[in-house]
Amino acid sequence: MKLTCLSKGGGYHFPPCYIITLCDFNILLDCPIDLSALTIFSPIPTSSYQPEDVEIPDSLLHSCEPKRQRIEKTLHVDDLIHAEPCYRTVTNLNLWDVSSIDLVLISSPMGMLGLPFLTRNENFSAKIYATEAAATLGRLMMLDLVSMQKEFKQYYGTIQSEYPRWMTWEEIKLLHPTVKNIAVGENGADLGSWQPLYCAENVEKCTERVQSLKYGEETCFNETLIIKLFSSGLEIGSSNWTICSSGRSITWLSSSIFDSAHTMKFDYHSLQGNDVIIFSDLSLLHGAAKDADGNRNFPTFQAPTASDVLAFRDGNDLEEEFSQSVANTGESSEEMDKLAYICAHAIDSVKAGGSVLVPIGRLGIVLQLLEQISLSLESSNMKVPIFIVSSVAKEVLDYMNVVPEWVCRQRQEKLYSGEALFGHGDLIKRNNLHLFKQIHSPDFLMTFQEPCIVFSPHWSLRIGPVVHFLRRWSGDHNSLLVLEQGVDAELALLPFKPVAMKVLQCSFLSGIKMEKVQPLLDMLQPEHVLFPEDLRQQFPSHVTSSFSCIHYSINEILHLPRVRDYVTNMETELAFQLEPRRMEQERIAIARLRGRIFIHNGNYVLVSMKEPIDSSIMHDLTHWGSPDPKLLLEALNGRGIVGSISQDRSFLEISEPSKALIQFHPTQTIISTDEKALADEIFEALSTVLNKI
C-alpha cells in the first residue's frame, strides 16, 4: 500500500485529499475545491453600489503604478482582483494523470465539488462512489455555484482563455502580498491550480457517473476490493470508508462527530479491527490556536493507561460502557446552545428594527438555525418574514425532508409521527418563509419587507445574493451578519467597509475532539494509524499504545508494509487432488499443486487447471531439510561414487570417478564439480535422502 497526501485541506468546506495505491489500483479520496480562496476577488459592482474610492476597470488589465505604490501598505479594497472568479482546485492533484485514477470515494458533499473538473476530461474513466445524500446535495451545491457565476459572466464576459489576464506573471508580481500568497502560494506552485468554473452540463454528466451506496452497503470493485461506508456524523450523507483486499484492510477516517443534533451518529463500531487507519480528520489542525511564532497550540489530553485499554477489550459489556463514555459528551446539546445564542442575537436585531443576514454554509447547521429562529419568533409573538434566496433553495429543502435514513433518531421519530424533518413546511403554510431563486435586479431588493431574516449563498461573501444584501445592510448598526468561524472575516468584509452592522462569527464542531482521539483509536484496534506530520507532537510514533503511528507529509509517497499474510480459498476439486506429506519437525503438511489463481469479491481463489498436464514436468522439484552425510555417502556408493566425510561432518569429498565436493550448511547444500554428469548423479543421490514433493 502507498499513500500520497495531496492536500491537508482547510476545514469543513475544504476537506483533505489523498490518493492511495492498493492492489495496483489508484484510489482518490475526495475531490474538493478551496472556495475560501474566492476572497481575493472583488464582488461584482452594481449600479446601486459604487464605492467612492474604487475605480472599476474597463477591462481585466490593472493600472500598474498604483499597485507598486501600495504593495507594502495595508490591504485595500482595490487590491482585490477585479475579474470573473476562477476556482482553486487541489494543486497536487493536477500533477496526476487522470487516466491513472481507478476509483474515487467521496466522504461528504463538500468532497465532490471538484469532481466535474475530472469527469469533463475524456481520459478520466474511474468509478465514483458516494452516499445518495452526498451526491444529491453535492449536485445542488455545484449547480448553485454555476448559477451564481453567471452574474460575473454577464459583467466581464465569458473567459476565452484558460489563463485570464490576472494570472500572467506581469500581473501576479504586482499583487498585494496577502492576495498574492493566496493566489500562488509560497513558491508559486498554486497558480496552476486555478480553473474557470465548470458549467451545468458538466455537473449533470458528473453526477450521472456517481454510484450511490447506503450506510453499511457493501460493493466489490473489479472483483478485488471490498468497499463499505458508514456514517461519520458530520453532515447529512457524510461517511467514513473501509477498503478491504485479501492482504489488507483499511479505514479512511474522515472528519467525524460522535453525537449530532441533525444527522446520523458516528458509526465507529463498524470500523473496528482493520489493519490500517488513515486519520483524515484534520479539524484538529484547523481549529488549533497559533502562538506568536505561528506554531499551533493544541489542547492537551490524558491518554488512557494500559489497564484502561485492556479493560474495554475484555468483553462486550465493558466495551459498550467505554463506548458510552466516549460518545456521551453532550456534543449535540453544545451545538443547540450555540444555535440558541445566535437566535437570541437575531431576535435582538429584528426587535431593534434591523435585519439578519445568514450566508448559507453548512446545510445541516443552516436548517437547524432556520428551525430555531422560527420557533424563537413564534415564542416572542413576532411576525418577521424569513427569506431564502438561492437557485436551489426549494430543491434542497424538499430533499432534506425526505431523507430519514440519513438523519438522527430524534428527527426520524418526527417523520414517523407525521412532522417534517425540518420545520420549513409549517413556515411556508404560515407565510413566514419565502423562497426566491435569485435577485432579479438591484431594485428587487426594495421589495423585501424590513426587518427580515435572510438566508442566502455564498459564505465567501464574494458571489451570490449575499453580496447585494450585505451592501444594503452593512451600514445599519441594528442589522446582524452571522458568519462561520474559519472564514477570514477581515478579508471577506473588505469590499463592504465601513461595516456598521454587527458581525457574529460562530464555530461549530467539525471533527473529533482531541481528548477522544486516542481512546477511539485504541478501541478500533488497528495495527497502524497514519497521521499528518503536523500532529507528530500529539501522536508520536513511539507512543505507548495498541497501535503504531506513521506520519505523512504533503505530496510525499508513504509506503506501508503488509501487516498480514494473504489468505487463499481453494476449490473443492483441487483440494481432493492434493497428496500432502507431513513434515516431522514443523508439524505441518505440504503438497504440490498445479492450478490457477484469481481474485473474486476481494478474496484469492485457487482452482484446478482443466488442461492436460505435461508429464515431462511432473518430477520432484521441491526438497527440504538437511541431508544426513552418512546416508548420502551410502546412496553415492550405490551409484559407484567413492568419497569420504570430513571429521566435523561439514563436507563430503568425492575422489572417484572424478573429484567433487559437497558442502553442508544450515540453509543450503552446495555441490562443486567440473563434471556435469557427475553433478547430476550426486543430485539424484541427494534427492533420495531428502524430503520432497
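To keep things clear, this report deals only with the structure shown in the data block. As the structure is a prediction and not an experimental result, all values here were calculated from the model.

Right, let's talk about the sheet that holds strand S34 (residues 660-664) for a bit. Pairing is antiparallel in the open sheet, where 4 strands are placed in the order S32-S33-S34-S35. Since the sheet does not close on itself, it has two edges, and those belong to strand S32 (642-645) and strand S35 (669-673), each with one partner. The average angle at which neighbouring strand axes cross in this sheet is 15°, direction not considered. Inspection of the sheet shows strand S33 (residues 651-656) paired to S34 by 4 bridges, in the antiparallel sense. For Leu652, the partnering residue across the bridge sits in S34 and is Ile662. Against the sheet, helix H19 (residues 629-637) makes contact with S32, S33 and S34, and its axis sits at roughly 170° relative to S32, the strand it touches most. Packing against the sheet, helix H20 (residues 676-688) makes contact with S33, S34 and S35, and its axis sits at approximately 155° to S35.

Our next topic: the packing of aromatic side chains. One pass over the full model with this rule turns up 14 aromatic pairs. With 5.5 Å between their ring centres and 85° between their planes, Phe41 and Trp166 make a pair best called edge-to-face. Within this pair, whereas Phe41 is found in the loop between strand S4 (33-34) and helix H1 (64-70), its partner Trp166 is found in the loop between helix H3 (132-156) and helix H4 (169-172), the two being separated by 125 residues in sequence. A single burial state applies to Phe41 and to Trp166, both of which are buried. Arranged with centres 5.1 Å apart and planes meeting at 50°, the rings of Phe279 and Phe531 form a pair that is tilted. Of this pair, Phe279 sits in strand S14 (residues 276-279) while Phe531 is found in strand S23 (residues 528-532), placing the two residues 252 residues apart along the sequence. Using a relative accessible area of 1% as the deciding quantity, one classes Phe279 as buried. Look at Phe531 and you get buried, because its relative accessible area is 0%. Linked through ring pairs, Phe41, Trp166 and Trp194 together constitute an aromatic cluster. We note Lys338 situated over the ring of Phe508; from NZ or CZ to the ring centre the distance is 5.9 Å. A cation over an aromatic ring shows up here: Arg362 above the ring of Tyr12, its NZ or CZ 4.6 Å from the ring centre.

Attention now moves to H3. Its 25 residues give H3 an end-to-end C-alpha distance of 36 Å, which sits within 8% of 36 Å, the value for a rise of 1.5 Å per residue. With its phi angle positive at about 85°, Gly157 sits one or two positions after the end of H3.

With parallel pairing, 6 strands are arranged side by side in an open sheet as S19-S18-S20-S17-S21-S22. With one partner strand each, in any of the chains shown, strand S19 (433-436) and strand S22 (502-506) form the two edges of the open sheet. Neighbouring strand axes in the sheet, compared pairwise and without regard to direction, differ in orientation by 20° on average. With 2 bridges joining them, strand S17 (residues 356-359) and strand S21 (residues 480-484) adopt parallel strand pairing. From the neighbouring strand, Leu357 faces S21, where its bridge partner is Leu481. Strand contacts of helix H10 (residues 331-351): S17, strand S20 (453-456), S21 and S22, with the helix running at about 170° to S22, the strand carrying the most contacts. On the sheet, helix H11 (residues 363-379) packs against S17, strand S18 (386-389), S19 and S20 and is oriented at approximately 170° with respect to S20.

Working note: a packed helix pair is described by the angle between its axes plus the distance between those axes. At a closest axis distance of 9 Å, the pairing of H19 and H20 adopts a crossing angle of 130°. As far as their axial angle goes, H20 and H19 are oblique. H20 is crossed by H19, and the crossing has right-handed handedness. When H19 is examined against H20, the residues Leu632, Ala635 and Leu636 are found in contact with a partner set consisting of Ile682, Ala685, Leu686 and Thr688. Counted by class, the contact of H19 with H20 contains 6 nonpolar, 1 polar and no charged residues.

A word on the nonpolar core. Residues Met1, Leu28, Leu105, Trp166, Tyr198, Phe455 and Phe531 are the most contacted members of the largest nonpolar core, which totals 183 residues. Broken down by element, this core gets its largest block of residues, 12 residues, from H3. Residue contacts for Leu28: discarding those within four places in its chain leaves Leu6, Cys17, Tyr18, Ile19, Leu93, Ile101, Leu103, Val104, Leu105 and Leu118. Leu633, Ala635, Ile654 and Ile662 belong to the second-largest nonpolar core, a separate cluster that totals 15 residues.

The rules behind each value
- Along each chain, numbering runs from 1 in the same order as the chain's sequence is written.
- Confidence filtering applies because this is a predicted model: local features only for residues at pLDDT of at least 70, side-chain atom pairs given and counted only at 80 or more, and all residues used for totals across whole chains, interfaces and linings.
- Water and hydrogen atoms were dropped before computing side-chain values, which therefore reflect all heavy atoms in the structure.
- Strands pair, by our definition, only if DSSP identifies at least two bridges between them.
- Each helix is a run of DSSP H or I of at least 4 residues and each strand a run of E of at least 2, with the numbering of both proceeding from the N terminus.
- For helices, the fitted axis covers only the stretch in contact; all axes are lines through C-alpha atoms, and the angles between them, taken along N-to-C directions, range from 0 to 180 degrees.
- Contacts between residues were defined by any pair of non-hydrogen atoms, one from each residue, lying within 4.5 Å.
- Each pair of aromatic rings taken from Phe, Tyr and Trp, with Trp reduced to its six-membered ring, is defined by centres within 6.5 Å and is described as stacked if the planes are under 30 degrees apart, edge-to-face if over 60, and tilted in the remaining cases.
- We call a residue buried when its accessible area falls under 20% of the maximum for its residue type, exposed when it is over 50%, and partly exposed in between, using a 1.4 Å probe and counting protein chains only.
- Two limits define a charge over a ring: the Lys NZ or Arg CZ must be within 6 Å of the ring centre, and within 35 degrees of the ring normal.
- Helix span is expected to be 1.5 Å times the residue number reduced by one.
- Oblique is the label for any angle not under 35 degrees, not over 145, and not in the 65 to 115 range, which are roughly parallel, roughly antiparallel and roughly perpendicular in turn.
- Each crossing gets its handedness from the near helix: less than a right angle anticlockwise from the far helix is left-handed, clockwise is right-handed.
- Throughout this entry, Asp, Glu, Lys and Arg are counted as charged residues, while Ala, Val, Leu, Ile, Met, Phe, Trp, Tyr, Cys and Pro are counted as nonpolar. The remaining residues, Gly among them, count as polar.
- Nine residue types can take part in a nonpolar core, namely buried Ala, Val, Leu, Ile, Met, Phe, Trp, Tyr and Cys, and a core is a set of them joined through side-chain atoms within 4.5 Å.

The values are spatial; any link to function lies outside them.
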